[in-house]
Amino acid sequence: MLFTAFLGVACGDGGDTGPTTTPGAAGPLVTISQSGREARVRVEFAATLADRQTGLMFRKEMDEDAGMLFIFPRDSQVGFWMKNTEIPLDIAYISAEGIVMEVRQATPFDETALVPSRPYRYVLEVNQGWFERHGLGAGAAVTLPANVPTATE
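Scope of this entry: the structure provided in the associated data block.

Conventions and cut-offs
Residues numbered from 1 in each chain as written. Predicted model: local features only at pLDDT ≥ 70, side-chain atom pairs only at ≥ 80, totals over all residues. Heavy atoms only, no water. Pairing = 2+ DSSP bridges. Helix = DSSP H or I, 4+ residues; strand = E, 2+ residues; numbered from the N terminus. Axes fitted to C-alpha atoms, helices over the stretch in contact; angles between N-to-C directions.

Below, the discussion takes up the sheet that holds strand β2 (residues 37-46). Across the sheet, which stays open at both edges, the 7 strands sit in the order β5-β4-β6-β3-β2-β1-β7 with mixed pairing between neighbours. Both outer strands of the open sheet, β5 (100-106) and β7 (141-143), are each paired with one neighbouring strand and no more. Strand after strand, the sheet turns through a mean of 30° between neighbouring axes, direction not considered. Both strand β3 (residues 66-76) and strand β6 (residues 120-127) contribute to a ladder of 6 bridges, which runs antiparallel. What sits directly across from I71, in β6, is Y122.

Rendered as structure tokens:
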């Protein structure tokens, strides 16, 4: 599946525990490509409502080429915020077709909702500056791993 570049949920509003794995060396790979450039990120999936609400809250760090992939059951346009999130992030809003629509930079603990201009199906959160460091941005194509879970409400 291809796709490129979320909600008062992304990094807030849940409890103090999140998905059971930590973004890092062991996760499945998402590939992002644009204009001859390509980069890979090992992701942790957030496919349940509880995981999407918790996001990366309470995490102190994340590997450089790691991230969290938020998966929604249908297109959404809810904004993401940084409640209880200590890691500065790039938040990439991705269409159902796998295209990065926009990338927003998020500041730790900022509760301002970052609402994208168009509906998205996926959101990829990575360390802030990751997209710029890899020369990627809006219009990039995202290839998901084969084992992407089905989103639940």
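On we go.
In this structure, strand β1 (residues 29-34) lies alongside β2, joined through 6 bridges in antiparallel fashion. Paired with I32 across the strands is A39, a residue of β2. Counting the residues in the hairpin turn of β1 and β2 gives 2 residues, including S35, whose phi is positive at 50°. In this structure, β1 lies alongside β7, joined through 3 bridges in antiparallel fashion. By the bridge assignment for β7, S33 is matched with A141.

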